[in-house]
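Read off the chains here:
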Amino acid sequence: MKLSCTRDNLYRGLSITSHVGGKNVNLPILSNVLIKAEGGIIKMTATNLEMAISCLVRGKVEEEGEFTVPVKLFSDFVSLLPEGQVDMEVKDEALHIKCGSHSTRVAGLSASEFPLVPSVEGGFLYTVPSSNMSHTLSRVLFAAANNQSRPELTGVNVQFNEINEGAGKVVFAATDSYRLSEVVSHCGGSTEIRSAIVPSRALAEIGRVLSVFKDDVEVPGAVEFVLTENQVVFRFGSVELTSRTIDGVYPNYRQIIPTRLETQARLQTDDLARSIKAASLFARTGLFDVLVDLDTTNKYLRVTGTDAARGENSSTCEADLTGPSNHVTLNYRYLLDGLSAMDAQETLFQMIDANNPCVLTPAVTDPTTDKFIYIVMPIKA
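A brief look at the structure comes next. Here the structure is a predicted model, which means the values were calculated and not measured.

1. Here we look at the pattern of salt bridges
Next up, step 1: One pass over the structure, following the stated rule, counts 23 salt bridges.
Next up, step 2: We note a salt bridge from Lys2 to Glu62, for which the minimum N-O separation is 3.9 Å. Taken together, the positions of Lys2 in strand E1 (residues 2-6) and Glu62 in strand E5 (residues 60-63) put the pair 60 residues apart, joining distant regions of the chain.
Next up, step 3: Lys2 gets classed as partly exposed once you look at its relative accessible area, which sits at 29%.
Next up, step 4: Since its relative accessible area comes to 45%, Glu62 is described here as partly exposed.
Next up, step 5: Notably, a salt bridge pairs Glu162 with Arg254, separated by 3.6 Å at the nearest N-O pair. With Glu162 in the loop between strand E11 (155-160) and strand E12 (169-175) and Arg254 in the loop between strand E18 (239-244) and strand E19 (263-268), this pair connects stretches of sequence that are 92 residues apart.
Next up, step 6: Within the structure, one salt-bridge network assembled from shared partners comprises Glu162, Glu165, Glu182, Arg254 and Lys371.

Structure, rendered in structure tokens:
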């Protein structure tokens, strides 16, 4: 194999593929990236057996072939190269690289040892605007569970043409059973009603790919989703990511979203975040609890943190309140996560009582953009 491409194109390809593989004692080949030069096309592929990602790299192929090299080592080295053309050739079970005054040899493994990444046939094709996708992922991924005791909660429930929202809408929802984040966005493609539990890591990789291309003038307008029985394929320009979906039934989270709310506070998002951060300094270690008081008579929301060893802090912020005065104890980290995802100057904080979930939404909604709702479960005494 003999080929050449620019340093920038090569580094972009490695940036996209370098995070999927990983160390595996039984299969060291999984730490490598497969470089394949065929038909004038350079293709890079990495896999961890659960997920595979590939991308096309612009360049010139002089001799066709394929070879694998350790992706982290290769990526770290390419990041140090100057701008210009990078020449690569496979000789004596190694990849020889030349760029300007730099010359190196990277030992690798035969491509025949690399796991076969089968192509996915059939399935239902949907599209989500790429301008919406990054924003959507930043609003839901953090709410997925890290604990494998309930595998379905480690993924994001993606529902296309969901019956409650209607055709042309896609719902992304994530919960760890302590909080819930849901975004309703626009979609195109198939009109079939379909859903899948997509691993959070796969969606995080898509988010990273989108960030790599964010300044590209030729960035595609949409991310393609192809859903099959047990796999999902994402396509974005020259990148394709395939992942297994998570088996199981996602919980009917809509049951916990309150339909009747007693007290509502409309306030500045930054003011609320500052009050929570101040109170959090005195929250109890391990419990992360703060008391939220809504005083409708004096028109303020107060956040209090109390720790027997460190002391107490109460911070108030002005709010437009309706309904009876109320209070609830919440995990301050979950509150701050929701506010960080709010992306709105004003937030609506709504609740029933101290024993029911609280609802946070942007105070002003635009029907042409995504719909966002965030639920936090109370800490009960």
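Still more to cover.
2. So, the pairing of strand E4 (residues 51-57)
Next up, step 1: Of all 7 residues that make up E4, 6 are buried, and the element is covered over most of its length.
Next up, step 2: Sheet topology note: the strand E3 (residues 41-47)/E4 ladder contains 6 bridges and is antiparallel. Within the sheet, the bridge partner assigned to Ile42 lies in E4 and is Val57.
Next up, step 3: Hairpin geometry of E3 and E4 is characterised by an intervening segment of 3 residues between the two adjacent antiparallel strands and by a positive phi of about 80° at Leu49.

3. Thoughts on the sheet that holds E5
Two modes of strand pairing occur in sheets, parallel and antiparallel, and in both the strands are linked by backbone hydrogen bonds.
Next up, step 1: Strands sit in the order E5-E1-E7-E8-E9 across an open sheet of 5 strands; the sheet is antiparallel. Of all the strands in the sheet, just E5 and strand E9 (102-107) have a single pairing partner and so form its edges. Direction aside, the axes of adjacent strands within the sheet are offset by 20° on average.
Next up, step 2: Bridging between strand E8 (residues 94-99) and E9 involves 6 bridges; their strand directions are antiparallel. When the sheet's bridge partners are listed, Ala94 is paired in E9 with Ala107.

4. Let's talk about unusual backbone geometry
Next up, step 1: Here Leu49, not a glycine, exhibits a phi torsion of approximately 80°, which is positive.
Next up, step 2: With respect to the helices and strands, Leu49 occurs in the loop between E3 and E4.
Next up, step 3: Residue class for Leu49 comes out partly exposed when judged on its relative accessible area of 44%.
Next up, step 4: Not every positive phi belongs to a glycine, and Phe288 is a case in point at roughly 55°.
Next up, step 5: Looking at where Phe288 falls in the secondary structure, it is placed in the loop between helix H5 (269-280) and strand E20 (289-295).

Analysis parameters
Residues numbered from 1 in each chain as written. Predicted model: local features only at pLDDT ≥ 70, side-chain atom pairs only at ≥ 80, totals over all residues. Heavy atoms only, no water. Salt bridge = Lys/Arg side-chain N within 4 Å of Asp/Glu carboxyl O. Helix = DSSP H or I, 4+ residues; strand = E, 2+ residues; numbered from the N terminus. Buried < 20%, exposed > 50% of the residue type's maximum accessible area, 1.4 Å probe, protein only. Pairing = 2+ DSSP bridges. Axes fitted to C-alpha atoms, helices over the stretch in contact; angles between N-to-C directions.

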